[in-house]
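So you can see what is in the structure, the chains are spelled out below.
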Amino acid sequence: MKNHTSSLLRRLRAPVLAATLGMLLAGCAGVYKSGAVSINSGTRLDDTPRIAVLSAFEPELKLLLTRLQGPVKHSVNGVEFTTGTLEGKPVVLFLSGISMTNATMNTQLVLNRFRITNIVFSGIAGGVNPQLHVGDVTVPAQWGQYLEVLMARETAPGKYTAPPFITDATLPNFGMMFPRPVEVRSAANPQIVRKFWFEADPKMLEVARSIRNVDLANCGAGKCLPRKPQLVVGGNGVSGQAFMDNKDYREYTYRTFQANVLDMETAAVGMVAYSNGVPFIAFRSLSDLAGGGDGENEMGTFMSIAADNSAKVMLAFLAAWK
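An unreviewed UniProt entry annotates the protein as Phosphorylase originating from Variovorax paradoxus.

Participant: What's the story with the pattern of salt bridges in this structure? I'm lost.
Facilitator: Oppositely charged side chains may form a pair once their charged atoms are brought near each other. Applying the stated criterion to the full structure yields eleven salt bridges. Here Arg284 makes a salt bridge to Asp263, at a shortest N to O gap of 2.8 Å. With a gap of 21 residues between them, Arg284 in strand E20 (residues 280-288) and Asp263 in strand E19 (residues 259-263) connect regions that are remote in the sequence. Several salt bridges converge on common partners, so that one network encompasses Glu60, Asp263, Glu265 and Arg284.

Participant: Before we go on, may I ask you to explain the packing of helix H2 (residues 58-67) against helix H7 (residues 299-320) in this structure?
Facilitator: A pair of packed helices is captured by two measures, namely the crossing angle of their axes and the spacing between those axes. One can describe the packing of H2 onto H7 by two numbers: an axis separation of 8 Å at closest approach and a directional angle of 45 degrees. The orientation of H2 relative to H7 falls into the category oblique. Seen along the crossing, H2 lies across H7 with a hand that is right-handed. Two secondary-structure elements touch here, H2 through Pro59, Glu60, Leu63, Leu64 and Arg67 and H7 through Met303, Ala307, Asp308, Ala311, Lys312, Met314 and Leu315. Residues belonging to the contact of H2 with H7 are distributed by class as follows: eight nonpolar, no polar and four charged.

Participant: Just to check I follow, could you spell out the state of the cysteines for this structure?
Facilitator: As used here, a disulfide is simply a covalent bond connecting the sulfur atoms of two cysteines. One pass over the structure, following the stated rule, counts one disulfide. Sulfur-sulfur distance for the disulfide between Cys219 and Cys224 comes to 1.9 Å. One quick way to see it: the torsion about the S-S bond of Cys219 and Cys224 is about 115 degrees, and its sign makes the bridge right-handed. The class of Cys219 is partly exposed, set by a relative accessible area of 39%.

Participant: When you look at the pairing of strand E3 (residues 79-86) in this model, what are you seeing that I'm missing?
Facilitator: Consecutive side chains along a regular strand alternate between the two faces of the sheet. With respect to burial, E3 is a largely interior element, six of its eight residues being buried. Taken together, the six bridges between strand E2 (residues 69-76) and E3 define a ladder with antiparallel strand orientation. Bridge pairing in E3 links His74 to Phe81. Between E2 and E3, which follow one another and run antiparallel, lie two residues, and Asn77 among them has a positive phi close to 55 degrees. Relative to strand E4 (residues 89-95), E3 is paired through five bridges, and the arrangement is antiparallel. Within E4, the residue paired with Thr85 across the bridge is Pro90. Following E3, the chain reverses through two residues before pairing antiparallel with E4; Glu87 in that reversal takes a positive phi of roughly 50 degrees.

Participant: I keep staring at the pairing of strand E7 (residues 142-145) and nothing clicks. Help me out?
Facilitator: Burial along E7 is two-sided: the face carrying Gln142 and Gly144 and the face carrying Trp143 and Gln145 are both buried. Examined bridge by bridge, E7 and strand E14 (residues 197-199) share three bridges and lie antiparallel to one another. Pairing of Gln142 across the sheet is with Glu199, part of E14. When E7 meets strand E18 (residues 236-239), the two strands line up parallel, connected through four bridges. Paired with Trp143 across the bridge in E18 is Gly237.

Participant: Looking at this structure, I do not really get helix H5 (residues 247-257). What am I missing?
Facilitator: Each α-helix winds once per 3.6 residues, and so residues spaced three or four apart point in a common direction. Of the residues making up H5, those classed as buried are Tyr249, Arg250, Tyr252, Thr253, Thr256 and Phe257. The buried residues of H5 all sit within an arc of 165 degrees when viewed along its axis, so they share a single face. The N-terminus of H5 is capped by Asn246, whose side-chain oxygen sits 3.2 Å from the backbone nitrogen of Asp248. Among the residues trailing H5, Gln258 stands out with phi positive, at a value near 50 degrees.

Thresholds applied
Residues numbered from 1 in each chain as written. Predicted model: local features only at pLDDT ≥ 70, side-chain atom pairs only at ≥ 80, totals over all residues. Heavy atoms only, no water. Salt bridge = Lys/Arg side-chain N within 4 Å of Asp/Glu carboxyl O. Helix = DSSP H or I, 4+ residues; strand = E, 2+ residues; numbered from the N terminus. Axes fitted to C-alpha atoms, helices over the stretch in contact; angles between N-to-C directions. Parallel < 35°, antiparallel > 145°, perpendicular 65-115°, else oblique. Left-handed = near helix turned anticlockwise from the far one by under 90°. Contact = heavy atoms within 4.5 Å. Nonpolar A, V, L, I, M, F, W, Y, C, P; charged D, E, K, R; others polar. Disulfide = S-S within 2.5 Å. Buried < 20%, exposed > 50% of the residue type's maximum accessible area, 1.4 Å probe, protein only. Pairing = 2+ DSSP bridges. Arc of directions from axis to C-beta. Polar contact = N/O pair within 3.5 Å; in protein donor to acceptor, adjacent residues only side chain to side chain.

Structure representation (structure tokens):
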């Protein structure tokens, strides 16, 4: 009888333990704390409607973090999200990380974990339009992915030809590189469409156009720019996976896309915003001329001036946003 009872208990013990462990893990999956990594990918960390304010890397976000009121930190997948208020508006600040993939991934992450009403990017960029100068702040009306390209084969010396089944490579090429639109779908339009430009929100642009009297710096860390920076709202911006420091490609980019600036993130953020139906806008200040300057690349010298100028305009935008 004793052996029979022990055998029965052993047979019952395994499923009971498994069920208990399952309940414990299910409970843990729904738990999160400020400063801790959340396990459940569907867990919302905050229910307050907020504006997502992002930059690519730390120097671009530095000024904004010093102005944030009531900061509370959360961490997901190694990304630090800080909630609070800026200019009286509920926000969540975070770094997208440098590059199109990081920007895409972490913009979607903030949309999954917070109640985001709008997306605002603040950071630096390379100047493409020869009428703009280092320190200027641009707020493009639309953004495209200029390095989404076909690499065409050379069919004759110096002549590159797209395969006959690729019919969307209609923009002027740079050697073997033919720009193309990207395929995208959205909550409003689940059918795949090809799209090159991702538009900033018209209402947000209207507020940006109303900004006046922001004191844009032209000196910092013992270095001064030869002219006072200006704010330019409208026009085009482009983004891609490469750090661009090439005069010929800069000139091609301006001719082909009429771009004011280029960077490595914003068009990816715009694509995620479009897909989710969330209004977005981006403020980018010129840290360099993407290879168009007389000497070496200017970013190392003027990055902090540009980052702070972009942040100042973005703060003025938040103050004016209703």
